[in-house]
Amino acid sequence: QVQLVEPGGGLVQAGGSLRLSCAASGSIFSINAMAWYRQGPGKQRELVASIISGGSTNYADAVKGRFTISRDNAKNTVHLQMNSLKPEDTAVYYCNVKASTIMTPIVGAIYWGQGTQVTVSS
């Protein structure tokens, strides 16, 4: 099946930057969309940013202008560049991919990464 690996989390001071990456591997036929979600302490998981195959992007209002999502189609990888980080950005960040497999190349499914902790200190 499809597996997602998410290196890049860590601790950073407010105002700093951090770059997350997510590489998809496995029986991938195609990737339709990639996204980043996050879940802060005591909060529900929320969409941070997404990018579709055509390159169009969407961002949550809270991160617009500070975060940038990008993808490398050749490497089945999505990145999240986080600048001007704030303490409220502290959360577990999850990579999310909509992909089809070689077994079912037409039907897409949702896959989740294991999550990576991002902590922003004051």
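Conventions we followed
- Sequence order as written defines the numbering, with residues in each chain counted from 1.
- In view of the model being predicted, local features appear only for residues whose pLDDT reaches at least 70, and side-chain atom pairs are presented and counted only at 80 or more, with totals across whole chains, interfaces and linings using the full set of residues.
- In computing side-chain properties, one takes all heavy atoms of the structure into account and sets aside hydrogens as well as water.
- In DSSP terms, a helix is any run of H or I states spanning at least four residues, a strand is any run of E spanning at least two, and both are numbered starting from the N terminus.
- Between the two quantities, the radius of gyration covers C-alpha atoms and the globule rule is 2.2 Å times the number of residues to the power 0.38.
- Any two residues whose heavy atoms approach within 4.5 Å are treated as being in contact.
- The protein chains shown are the only cover counted for residues, whose accessible areas, like all others here, come from Shrake-Rupley with a 1.4 Å probe.
- Side-chain rings of Phe, Tyr and Trp, where Trp is taken by its six-membered ring, are said to pair if the distance between their centres is within 6.5 Å; with planes under 30 degrees apart they count as stacked, over 60 as edge-to-face, and otherwise as tilted.
- Each residue is placed in one exposure class: buried if its accessible area under a 1.4 Å probe, protein chains only, is under 20% of its type's maximum, exposed if it is over 50%, and partly exposed if it falls in between.
- A ring is considered to have a charge above it if a Lys NZ or an Arg CZ atom is located within 6 Å of its centre and within 35 degrees of its normal.
- Among the buried residues, those of types Ala, Val, Leu, Ile, Met, Phe, Trp, Tyr and Cys that are joined through side-chain atoms within 4.5 Å form a nonpolar core.
- By definition, no residue in a patch forms a salt bridge, and every one has over 30% relative accessible area; like charges are joined within 9 Å, nonpolar side chains (Val, Leu, Ile, Met, Phe, Trp, Tyr) within 5 Å.
- A pair is scored as a salt bridge if a Lys or Arg side-chain nitrogen falls within 4 Å of a carboxyl oxygen belonging to Asp or Glu.
- Strand pairing requires that DSSP identify at least two bridges connecting the strands.
- Here the axes come from fitting lines to C-alpha atoms, over the contacting stretch only for helices, and the angles between their N-to-C directions go from 0 to 180 degrees.

Draft legend 1. Seen up close, the overall build of the protein. Broken down by element type, the protein carries zero helices and 11 strands. Starting at the N terminus and ending at the C terminus, the protein contains elements arranged as β-β-β-β-β-β-β-β-β-β-β. In terms of overall size, the protein behaves like a compact globule, its C-alpha atoms giving a radius of gyration of 14 Å where 122 residues would be expected to give roughly 14 Å. Projected onto the principal axes, the alpha-carbon positions of the protein cover approximately 50 × 25 × 25 Å. Within the protein, contacts between residues at least 6 apart in sequence are counted, and of these 58% link residues at least 24 apart. Accessible area for the protein stands at about 6400 Å²; split by element, carbon and sulfur atoms hold 51% of it.

Draft legend 2. Structural view of the packing of aromatic side chains. All told, the structure shown has two aromatic pairs when counted by the stated rule. Ring geometry for Tyr94 versus Trp112: centroids 6.5 Å apart, planes at 85°, classification edge-to-face. On the criterion of sequence distance, the pair formed by Tyr94 in strand β9 (residues 91-101) and Trp112 in strand β10 (residues 108-112) is long-range, its members being 18 residues apart. For Trp112, a relative accessible area of 38% puts it in the partly exposed group. Aromatic rings pair up to connect Tyr37, Tyr94 and Trp112 into one cluster. If you follow Arg45 out to its NZ or CZ, it ends over the ring of Tyr94, 3.7 Å from the centre. The ring of Trp112 has Arg45 sitting right over it, with the charged end atom 4.6 Å from the ring centre.

Draft legend 3. Highlighting the nonpolar core. In this structure, Trp36, Leu80, Met82 and Tyr93 are the most contacted members of the largest nonpolar core, which totals 29 residues. Residue assignment for this core shows that the elements contributing at least two residues are β1 (2-5), β3 (18-26), β4 (28-39), β5 (46-52), β7 (67-72), β8 (77-82), β9 and β11 (116-121). Ranked by the residues each element gives to this core, the list is headed by β9, at five residues. Sequence-distant contacts of Met82, defined by excluding residues within four places in its chain, comprise Gly16, Ser17, Leu18, Leu20, Arg66, Phe67, Tyr93 and Val118.

Draft legend 4. Examining a nonpolar patch on the surface more closely. On the surface, Phe29, Ile102 and Met103 cluster together into a nonpolar patch covering about 380 Å² of accessible area. Examined against the element boundaries, Met103 turns out to sit in the loop between β9 and β10.

Draft legend 5. Focus on unusual backbone geometry. Look at Asn76: it is not a glycine, yet its phi comes out positive at around 50°. Structurally, Asn76 can be placed in the loop between β7 and β8. When its relative accessible area of 25% is taken as the criterion, Asn76 is described as partly exposed. Of note in this structure, Ser84 is not a glycine but carries a positive phi near 50°.

Draft legend 6. Quick look at the sheet that holds β3. With antiparallel pairing, four strands are arranged side by side in an open sheet as β1-β3-β8-β7. Sheet topology places β1 and β7 at the edges, where each strand pairs with a single neighbour. On average, adjacent strands in this sheet sit at an angle of 15° to one another, irrespective of strand direction.

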